Amino acid sequence: MRKLDHQWSILEYNDYFMVKLYQSKYNDILNMYKGEFQQKGIPLSVGSFNVILATYIMVGDTQSAAELVKKMVRGDVVPSIRDFERTMRRCMPHNATIVETAKALISDHGFTTTRILDTNLIHLFGEKRAEDVRRLYLAQKSRKLDLSTYGILLRGFVDSRQIKVAQSIYEDMVNAGVKPSTFVCSTMLTVFTHRRDVASAEKIIQETLKNGHELDITIYTQLIKVYFKARQTAKAFHVFNEIQKSPSMKLNDVVLNTMIDGLVINREMEAAKLLYDQMLKSSIQPDMVTFNTLLKGFIKANDHASAAAVMTDMQKLQLNPDTITFTTMIEAVLSSKQPSSAQESLQMLTTAGMRPNIYTFNAMLNWWVKAQNMREAERTLDILKSPPYNFHPTVHTYTNMLQGYAETMDLPKAMQTFQTMLRSDQKPDRAAFHFMIVSFLRASRLQDAMVCVKRMRAMDVNPTKDTWMLLLDECHLRRDWVVGAEVVQELDASGALMALPNELLLYVLRRYLDLGDLWQLLQVSRDIRFFAMDTIHTRWKFEVTPSAETTMKVQCRAALIALESLSCQLSLQTRVYTLQYPHGPETDLMQREERLHQRIIRGISSYKHKYVLIEDIDIRNRIRSAVDVIFHHAVFVAALSRSPVRLACTHASSNNRALAAMIVRLLTRLDAAFPSYCREITYTLADNIKAFLEYTGYKLLAMNQQHDPLVLYNMVISACFDLMGAAFIGKILSESHVECAVQRTCELLSDDHLRSVKRALLVDLLEGWLTIKRGLVAGELCRLVRLEIDKCDRHGYAAPRRQLTRHYAALIE
DNA sequence: GTAGGGTTAG
């Protein structure tokens, strides 16, 4: 192998080491290295370094391995993870663990040197191994890195489209007190442009200037772009003027193209054309970028004459349309030519001498998707994947397909595409997940859509407000509160709830959540307590902040909210089951109801006044306050919970009556719980009804006839009437109490335009409550009510008779 | 190691 008198070059030593390593002859390697190699003072090369390091690892001499790496801190050879892996692929292709060990050694002992760290990062980014870098970074994160290292990291992640990671590394950099260079500034401007974050862009510009760096025209160009993207045209023009005024900068084609594109983005085609005309007359002539930008704008604005004029100008300058031109125009071209197949549409390109790239294919594919022709979209996908193109589908390719399958409701294909996407190592982005979610929702698979959301969030991809909205709307539509609660939970956990625009937050709270849910939120989520309280305040108009005076009321309110939801379940089940309580599935509900009654009773009686003598008075007052709250809840709060939509459905009035019955059961229970305060509840209730009717009178006086707020108003009065009827059946109110109220109501509603309301109320009272129970003596009252109904009829009203239900009388007892 | 144009929901 070795010729006499021939001095080996480093390459020959390399070969020797590598062959020996392949043969696992570690001693030969070490003898040669420690002997002849070092005696002759031959400088280590990358290749031999890798072999020696591998040898130390193989013989278990970690100490020497670490020393070797540390020795490299001074010198020209850089220990590189990438290079080590390359050597190992040749020498030890079957050893899977050695690379990991070497990686750890290099990063532990080498990365303290900026030069070694930087080179490794550049190597890894060069191989598109951003994920590896991210893991390495997390290990280094705790210490302050060199400015150059930050620069490489930021640029690497921006180039691999990991904008979020770049942004968080920049935050680390700022926190470590490292000031930006122009390179970092430029890199971060791309991030801020992407995010439309003007404030951060301006801040980093100031920081860089403060650091004594001179900002060149490239940075200013980027700044122009940020402003345009963030819809701040005036500021963009300001920078443009600064460039023109500055003696150190010279206006060029890139700046002008950026300006034109910015105007196009902002749909300012007049201004864009003006700039373009000036350009034609100036020494800076338009180029392909200029033409493609203008074409995009005119096509988007549906100005085909101007687009054609641009094409003519292009020819005059002897420039030919390129692939980008074609991609820009492809939608317009295909729509006018209406090809019948993928093959045909491709032909149109190739005969024009175009060689499509992946962008072109994606645009073409998307045209078929939009035409809802998935067969041809699939064919396009096949063509782009096969020879002679052999393109790899991108996220956009898959996402376009997903959109098509979502719209054509082809869930199996959508799921299949999603799987293919994951297998091909393409990370689904928010749009991909969005269409998967749409696919599931269209197939009525809310639960699976939810799984998607969770998976999405686990991958650190956040849905936009539109995706959240879609999910919420679907839950709302299907009245699926179980999944709905999960959505709100995820929304809350994602931190997006508070970041949502107020409009959406209030939508969630007002339209989506019931009073019961809001009540939960008061206790569960501190962040949204303020909003929940405000919503309860403005929509349901009652106090929720506990204080010395209100604690009992707030507790009472909580129990009432729970009772309300109980009564809904009850009325649903009584339709199917028995009229009497103690059998069947009702029993459990009744026990829960009893527990809630107990809570209210305890709330009233647990209070001990410090002056024993007046305790008596306090309990009386507290019973009165409790009944006030109960009345308010039954008439105002519950009435507002019944939306007009709910009222229109058949079960609505049955729900209302169930609630009235439930309230009267509670009052009866209270009556029994405080026997020494005989009739206190009756008096308070009667007082409340009286006050309510007076209030109603004033309301009616103030009300504008044209506005007709009676829809809602009618619900409030009818809630009071239901309560009154139920209380009469439950013997909380006497015949004379009801009679007074009826008389007063008839006076209030004597106007012609209110007659229909009046009649409906009276009929409901008579047929829904007064006459449903045998043996109930209400002769006078019934006569009065019938008389009033007759009066209405004589004025020309004959409403259809209602079906009677006798369930509710049974429910009160 | 720095700047400009083409593909995706709502």
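Residues numbered from 1 in each chain as written. Chains lettered and ligands numbered in written order. Predicted model: local features only at pLDDT ≥ 70, side-chain atom pairs only at ≥ 80, totals over all residues. Heavy atoms only, no water.

Some remarks on the overall build of chain A
Within chain A one finds 43 helices and 0 strands. Put simply, chain A has 813 residues, and 48% of those count as buried. Intrachain contacts of chain A at a sequence separation of at least 6 include 68% that bridge at least 24 residues. About 41,200 Å² of surface is accessible on chain A, with carbon and sulfur atoms providing 53% of the total. (Helix = DSSP H or I, 4+ residues; strand = E, 2+ residues; numbered from the N terminus. Buried < 20%, exposed > 50% of the residue type's maximum accessible area, 1.4 Å probe, protein only. Contact = heavy atoms within 4.5 Å. Areas by Shrake-Rupley, 256 points an atom, 1.4 Å probe, with all protein chains shown as cover.)

A few points about the pattern of salt bridges
This structure, assessed with the given rule, holds 38 salt bridges. Close ionic contact of Glu242 with Lys245 constitutes a salt bridge, the shortest N to O distance being 3.6 Å. Placement of both Glu242 and Lys245 in helix H14 (residues 233-245) is noted, with a separation of 3 residues, approximately one turn of the helix. The residue Arg457 makes a salt bridge to Glu490 at a minimum N-O spacing of 2.9 Å. Taken together, the positions of Arg457 in helix H26 (residues 446-458) and Glu490 in helix H28 (residues 481-493) put the pair 33 residues apart, joining distant regions of the chain. What makes Glu490 buried here is its relative accessible area of 14%. Ionic contacts of the salt-bridge type, sharing partners, join the residues Glu85, Arg86, Glu127, Arg129, Asp132 and Arg135 into one network. (Salt bridge = Lys/Arg side-chain N within 4 Å of Asp/Glu carboxyl O.)

Side note on the UniProt feature "repeat: PPR" (unreviewed entry) in chain A
As recorded in UniProt, the sites labelled "repeat: PPR" (unreviewed entry) are residues 45-79, 146-180, 252-286, 287-321 and 394-428. Annotated as residues 146-180, this span is 74% helix and 0% strand, and its ends, taken at the C-alpha atoms, are 11 Å apart. Within residues 287-321, the helical portion is 74% and the strand portion 0%, while the C-alpha atoms at the span's ends are 11 Å from each other. (UniProt positions renumbered as here; feature names shortened; annotations may be inferred.)

Quick notes on helix H42 (residues 779-794)
Given a rise of 1.5 Å per residue, 16 residues ought to cover 22 Å, and the 22 Å separating the end C-alpha atoms of H42 matches this to within 8%. Among the residues of H42, those classed as buried are Leu781, Cys782, Leu784, Val785, Glu788, Ile789 and Cys792. Considered in projection along H42, the buried side chains sweep an arc of 160 degrees and stay on one side of the axis. The exposed set on the far side of H42, more than 90 degrees from its buried face, consists of Arg783 and Arg794. (Expected span 1.5 Å × (residues − 1). Arc of directions from axis to C-beta.)

With respect to the packing of aromatic side chains
Applying the stated criterion to the full structure yields 18 aromatic pairs. Between Trp367 and Trp368, the ring centres sit 4.9 Å apart and the planes meet at 80 degrees, which makes this aromatic pair edge-to-face. Comparing Trp367 with Trp368, the two get one shared label, buried. Cluster of aromatic residues (ring-pair linked, three or more members): Trp8, Tyr13, Tyr16, Phe17, Tyr33 and Phe37. (Phe/Tyr/Trp six-rings, centres within 6.5 Å; stacked < 30°, edge-to-face > 60°.)

Considerations on the confidence of the model for chain A
Residue-level pLDDT values for chain A average 83, and 84% of them are 70 or greater. Low pLDDT, under 50, characterises residues 643-650; the predicted model gives this stretch 7 contacts beyond four residues in sequence or across chains. (pLDDT = per-residue confidence, 0-100.)

Topic: the nonpolar core
Side chains that are nonpolar tend, in soluble globular proteins, to be buried together. In this structure, Phe17, Leu21, Leu53, Leu68, Leu153, Phe157 and Ile224 are the most contacted members of the largest nonpolar core, which totals 109 residues. If you look at the next biggest cluster of nonpolar residues, it comprises 73 residues, including Cys556, Phe692, Ile717 and Trp769. (Core = buried A, V, L, I, M, F, W, Y, C linked by side-chain atoms within 4.5 Å.)

Observations concerning the packing of helix H23 (residues 395-407) against helix H24 (residues 411-423)
Between H23 and H24, whose axes approach to 9 Å, the crossing angle comes to 170 degrees. Between H23 and H24, the crossing angle belongs to the class labelled roughly antiparallel. Between H23 and H24 lies a crossing whose hand is left-handed. Two secondary-structure elements touch here, H23 through Val395, Tyr398, Thr399, Met401, Leu402 and Tyr405 and H24 through Lys413, Ala414, Thr417, Phe418, Thr420 and Met421. Taken together, the residues that form the contact of H23 with H24 break down as 8 nonpolar, 3 polar and 1 charged. (Axes fitted to C-alpha atoms, helices over the stretch in contact; angles between N-to-C directions. Parallel < 35°, antiparallel > 145°, perpendicular 65-115°, else oblique. Left-handed = near helix turned anticlockwise from the far one by under 90°. Nonpolar A, V, L, I, M, F, W, Y, C, P; charged D, E, K, R; others polar.)

Points about the environment of Leu659
Take Leu659: it is sitting in helix H37 (residues 650-673). Note on Leu659: relative accessible area 8%, which makes it buried.

Considering the environment of Leu667
As for its placement among the helices and strands, Leu667 is situated in helix H37. Spatially, the C-alpha atoms of Leu667 and His597 are 9.2 Å apart, while their sequence positions differ by 70 residues. Those residues in contact with Leu667, other than ones at most four positions away along the chain, are Val627, Ile630, Ile681, Leu685 and Ile732.

So, the protein's contact with DNA strand B
Taken together, the neighbourhood of DNA strand B is formed by 42 residues, with Asn257, Asp287, Asn292, Asn357 and Asn362 sitting nearest. Counting only atoms of DNA strand B within 4 Å of the protein, the sugar-phosphate share comes to 38%. At 2.7 Å, a side-chain N or O of Asp287 approaches a base nitrogen of DNA strand B. A distance of 3.4 Å separates a sugar or linking oxygen of DNA strand B from a polar side-chain atom of Asn400. If you tally residues by element for the surface near DNA strand B, the top one is helix H17 (residues 288-300), at 5 residues. (Near = heavy atom within 4 Å. Polar contact = N/O pair within 3.5 Å; in protein donor to acceptor, adjacent residues only side chain to side chain.)

Notes on a positive patch on the surface
Taken together, the side chains of Arg196, Arg231, Arg267 and Lys300 define a basic patch exposed on the protein surface. Along the chain, the position of Arg231 falls in the loop between helix H13 (217-229) and H14. (Patch = residues over 30% accessible without salt bridge, like charges linked within 9 Å, V, L, I, M, F, W, Y side chains within 5 Å. Lys, Arg positive; Asp, Glu negative; His and termini not counted. Charge placed at Lys NZ, Arg CZ, Asp CG, Glu CD.)

Observations regarding unusual backbone geometry
A negative phi holds for most residues other than glycine; trans holds for most peptide bonds. Put simply, Pro387 and Pro388 share a cis peptide bond, and its omega is 5 degrees. One can find Pro388 in the loop between helix H22 (374-385) and H23. For Asn390, which is not glycine, the phi dihedral falls at a positive 55 degrees. Tracing the backbone shows Asn390 in the loop between H22 and H23. Here the phi dihedral of Lys731 falls at roughly 60 degrees; this positive angle occurs in a residue that is not glycine. One can find Lys731 in the loop between helix H39 (710-729) and helix H40 (735-748).

A look at helix H6 (residues 98-110)
Look at H6: 17 Å from first C-alpha to last across 13 residues, which is about the 18 Å you get at 1.5 Å a residue. Three or more residues of H6 are buried, namely Ile98, Val99, Ala102, Leu105, Ile106, Ser107 and Gly110.

Some points on the side chain of Glu680
Here Glu680 shows up in helix H38 (residues 680-702). A distance of 2.7 Å separates a polar atom in the side chain of Glu680 from a polar atom in the side chain of Arg620. A polar contact of 2.8 Å, which involves the side chain of Glu680, links it to the side chain of Arg624. Those residues in contact with Glu680, other than ones at most four positions away along the chain, are Arg620, Ile623 and Arg624.

Structural notes on the environment of Phe192
Position of Phe192 among the secondary structure elements: in helix H11 (residues 182-195). Residue classification places Phe192 among the buried residues on the basis of a relative accessible area of 2%. Along the chain, Phe192 and Ile204 lie 12 residues apart, while their C-alpha atoms are 9.9 Å from each other. Each residue touching Phe192, except ones within four places of it in the same chain, is listed here: Gln167, Tyr170, Asp197, Ser200, Ala201, Ile204 and Val226.

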